[in-house]
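# Structural description and commentary
Here's the letter readout for the chains.
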Amino acid sequence: MKVRTVKIESSWKEFLQEEFNKEYFSELVAYIKTAKSQGKVVYPPGPLIFNAFNLTPVDKVKVVIIGQDPYHNPNEAMGLSFSVPHGVKIPPSLKNIYKELNSDLGISLPQHGNLTHWAEQGVLLLNAMLTVEHRSPGSHKNIGWQNFTDAVISNLSEKCQGLIFLLWGNFAKSKAGLINKNKHHILMAAHPSPLARGAFFGSKHFSQTNMLLREMGKTTIDWSIDD
């Protein structure tokens, strides 16, 4: 696949040009097209696959939150890690993120799960896999997306300065080796999933992130979610 055919925000198209022109990327695109031609349902919808990039241009990135898989139920995945569209029930992990947000910053519990407001302020909500098949978690784990998103992380680490990476859970923590700790900040915590039995609570990553941003002279994130 030639880079010009990828529908992604222009700064990312330039930033990741080498990846788009590699053979693995052409192969993963072909895999998804074949799956759809066989009648399989793939989430998120095509226009939202690169939503995280389209909402957060390269020069706007301040914070990176790494998720794993898109949601695999109908109408949930929207191309932003942990986020769901308005009108969709808030998933359990996001409920716990909101509880920590309330405890950490006193922000009222939001009534919806759309995190676009964060993305527009420079929070790159990056899933390691950008697609998944209907009700089949991890189904696109090995088709090449991790090559791509690992390259995103590595390129951000190499070409940017002073980013804050929030790594929640063991999968996200496994990406720490891609990040230059001398140039960037890494905050780790348990995954917000209920399966972690509340270990995520008390991490205070939201207040810590804003403290670090202030120390670097950057505008802080308004973590509130408007209703």
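Residues numbered from 1 in each chain as written. Predicted model: local features only at pLDDT ≥ 70, side-chain atom pairs only at ≥ 80, totals over all residues. Heavy atoms only, no water.

## Some thoughts on the overall build of the protein chain
Scanning the protein chain for helices and strands turns up 9 helices and 6 strands. Here the protein chain has a C-alpha radius of gyration of 17 Å; the compact-globule value for 227 residues is 17 Å, and the two agree. The principal-axis extents of the C-alpha atoms in the protein chain amount to approximately 50 × 35 × 30 Å. Within the protein chain, buried positions represent 53% of all 227 residues. In the protein chain, the proportion of contacts linking residues at least 24 apart, taken out of those at least 6 apart, comes to 66%. Surface accessibility of the protein chain: about 10600 Å² in total, with carbon and sulfur atoms responsible for 49%. Computed over 24 positive and 19 negative side-chain charges, the separation of the two mean positions in the protein chain equals 4 Å. (Helix = DSSP H or I, 4+ residues; strand = E, 2+ residues; numbered from the N terminus. Rg over C-alpha atoms; globule rule 2.2 N^0.38 Å. Buried < 20%, exposed > 50% of the residue type's maximum accessible area, 1.4 Å probe, protein only. Contact = heavy atoms within 4.5 Å. Areas by Shrake-Rupley, 256 points an atom, 1.4 Å probe, with all protein chains shown as cover. Lys, Arg positive; Asp, Glu negative; His and termini not counted. Charge placed at Lys NZ, Arg CZ, Asp CG, Glu CD.)

## Quick look at the pairing of strand E2 (residues 63–67)
The element E2 is extensively covered by neighbouring structure, given that 5 of its 5 residues are classed as buried. Residues Val 63, Ile 65 and Gly 67 of E2 are buried on one face, and the alternating residues Val 64 and Ile 66, pointing to the opposite face, are buried as well. In terms of strand pairing, E2 meets strand E3 (residues 123–127) through 5 bridges, oriented parallel. In the strand pairing of E3, Val 64 is matched with Leu 124. As paired strands, E2 and strand E5 (residues 164–168) are joined by 3 bridges and run parallel to one another. Directly across from Val 64, in E5, lies its bridge partner Phe 165. (Pairing = 2+ DSSP bridges.)

## Re the confidence of the model for the protein chain
On average, residues of the protein chain score 96 in pLDDT, and 97% of them reach the 70 mark or higher. Per-element confidence in the protein chain is highest for E3, whose mean pLDDT is 99, and lowest for helix H2 (residues 17–20), whose mean pLDDT is 96. (pLDDT = per-residue confidence, 0-100.)

## What about the sheet that holds strand E6 (residues 185–189)?
Strand order in the open sheet formed by 4 strands is E3-E2-E5-E6, and the pairing between neighbours is parallel. Strand pairing shows two members of the sheet lacking a second neighbour, E3 and E6, which therefore form its edges. Neighbour-to-neighbour, the strand axes of this sheet turn through a mean angle of 20 degrees, independent of strand direction. Each of E2, E3 and E5 is contacted by helix H7 (residues 145–159), which is oriented at about 150 degrees to E3, the strand it contacts most. (Axes fitted to C-alpha atoms, helices over the stretch in contact; angles between N-to-C directions.)

## Some thoughts on the environment of Phe 25
Along the chain, Phe 25 falls in helix H3 (residues 23–37). Once the C-alpha coordinates of Phe 25 and Thr 56 are considered, the two residues, 31 residues apart in sequence, prove to be 22 Å apart.

## Digging into the nonpolar core
Counting residues in each nonpolar core, the largest one holds 73 residues, and the members touching the most others are Trp 12, Phe 50, Phe 53, Trp 118, Trp 145 and Phe 148. Top contributing element to this core by residue count: H3, with 6 residues. Ignoring any residue separated from it by four or fewer positions in sequence, one finds Trp 12 in contact with Phe 20, Phe 53, Thr 56, Pro 57, Val 58, Val 61, Leu 124, Val 152 and Leu 156. (Core = buried A, V, L, I, M, F, W, Y, C linked by side-chain atoms within 4.5 Å.)

## A closer look at the environment of Val 6
Mapped onto the secondary structure, Val 6 falls in the segment before helix H1 (10–15). Judged by its relative accessible area of 3%, Val 6 falls in the buried class. Counting along the chain gives 11 residues from Val 6 to Gln 17, while the straight-line C-alpha distance between them is 9.9 Å.

## With respect to the pattern of salt bridges
Taken as a whole, this structure holds 2 salt bridges when the rule is applied. Put simply, Lys 175 and Asp 150 hold a salt bridge, and the shortest N to O gap is 2.8 Å. Of this pair, Lys 175 sits in the loop between helix H8 (169–173) and E6 while Asp 150 is found in helix H7, placing the two residues 25 residues apart along the sequence. For Lys 175, a relative accessible area of 5% puts it in the buried group. Taking the relative accessible area as the measure of exposure, Asp 150 reaches 23% and is therefore partly exposed. (Salt bridge = Lys/Arg side-chain N within 4 Å of Asp/Glu carboxyl O.)

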